[in-house]
Amino acid sequence: MAYLAAVCVTSALRVLSRRRSAAAVLVTVAAGVATLVAPTPAHAGVYGPDIACPTDPGIVWKVRAASRNVLVWEGVNYTVNSASPAFAVSDGRVVDNTLTSPIEATFTSSVSNTYTVTVTLGTSAQLTEKLQSTVSVQIVQSRTTQIGINATVTVPPQSRVVGRYGVEVFNVAYTGQLVWQSYNAQRPGGFGGHCWERSNVAASTVAPTVLEGWRFSTS
């Protein structure tokens, strides 16, 4: 009887041991599944402040291998803070009429200057597209004023006419925001990605337009 009791106790202990092992396996598997299904963003806050992922369709996203072996998309998001119209003068002439009757004066441009949209982050082409959509469709990435453009005006007696040749521009103040978006996004710039702000730079540029020519004033 003592022998049978010992056998029963041993069998019970073996069953209990198997159940504990199975339970441990289930816990391990369950923990593994939980890690795969709902991953914790281990790099949140490491690469900079967490931000909402920008959705501007004009952002050019590029794949890059970040530090800590994390694959991310990189893009620059532009915000236009102000844009003031102005006239950029590349050449000028003046005619004084000391006579008592009007005269005709011909002004000719002979100096050429180039005005270009410049950036500290991203590309000039991307910022130009942003300005075209938010400021004026007449903005171009670069404009070089022409030479040999003539204009004839009447100079009144006992007066002066000042002629200025140039191009209409916008003096733009903007912010460039360098953004990293984690690799788990459904697409570059799409929903589902985790985003960080890597840098935020305030800058300014002259944005030329297609409007070029002479401007005259009388004094």
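What counts and what doesn't
Residues numbered from 1 in each chain as written. Predicted model: local features only at pLDDT ≥ 70, side-chain atom pairs only at ≥ 80, totals over all residues. Heavy atoms only, no water. Helix = DSSP H or I, 4+ residues; strand = E, 2+ residues; numbered from the N terminus. Contact = heavy atoms within 4.5 Å. Salt bridge = Lys/Arg side-chain N within 4 Å of Asp/Glu carboxyl O. Phe/Tyr/Trp six-rings, centres within 6.5 Å; stacked < 30°, edge-to-face > 60°. Buried < 20%, exposed > 50% of the residue type's maximum accessible area, 1.4 Å probe, protein only. Core = buried A, V, L, I, M, F, W, Y, C linked by side-chain atoms within 4.5 Å. Pairing = 2+ DSSP bridges. Axes fitted to C-alpha atoms, helices over the stretch in contact; angles between N-to-C directions.

This brings us to the overall build of the chain. Broken down by element type, the chain carries 2 helices and 9 strands. For the chain, the sequential pattern of α-helices and β-strands runs α-β-β-β-β-β-α-β-β-β-β. Within the chain, residue pairs in contact and separated by at least 24 positions form 77% of the contacts whose partners lie at least 6 positions apart.

Moving on: the pattern of salt bridges. Within this structure, the stated rule accounts for 5 salt bridges. Ionic pairing is found between Glu168 and Arg215, a salt bridge with its closest N-O pair at 3.2 Å. Here the residue Glu168 occupies a position in strand β8 (residues 159-182), and Arg215 occupies one in strand β9 (residues 195-218), the gap between them amounting to 47 residues.

For the structure shown, the criterion picks out 5 aromatic pairs. Pairing Tyr78 with Tyr174 gives two aromatic rings, centres 5.9 Å apart and planes at 70 degrees, and the pair type is edge-to-face. Residue Tyr78 is located in strand β3 (residues 71-97), and its partner Tyr174 is located in strand β8; the two are separated by 96 residues in the primary sequence. In this structure Tyr78 comes out as buried when scored by relative accessible area, which is 3%. Here Tyr174 falls in the buried class, since its relative accessible area comes to 1%. Within the aromatic cluster, the residues linked to one another by ring pairs are Phe107, Tyr165, Trp214 and Phe216.

This part is about the nonpolar core. Where a protein is soluble and globular, its nonpolar side chains tend to be buried together. Formed by 13 residues in total, the largest nonpolar core has its most connected members in Leu127, Leu131, Val172, Tyr174 and Ala207. Those elements that provide at least two residues to this core are β3, α2 (124-134), β8 and β9. Of all the elements, β8 adds the most residues to this core, at 4 residues. Residues within four places of Val172 in sequence aside, it is in contact with Val80, Ser82, Ala83, Leu131, Ala203, Ser204, Thr205 and Ala207. The next biggest cluster of nonpolar side chains, apart from the first, holds 8 residues, and it includes Ala151, Val153, Val161 and Tyr165.

It is worth spelling out the sheet that holds strand β2 (residues 62-65) at this point. Taken in spatial order, the 5 strands of this open sheet run β1-β9-β8-β3-β2, and their pairing is antiparallel. Unpaired on one side and paired on the other, β1 (50-51) and β2 mark the two borders of the sheet. Where β3 and β8 come together, 24 bridges link them in antiparallel fashion. Considered in β8, the bridge of Asn77 is made with Gln177. Relative to β3, α2 is tilted by about 75 degrees, and along the sheet it contacts β3, β8 and β9.

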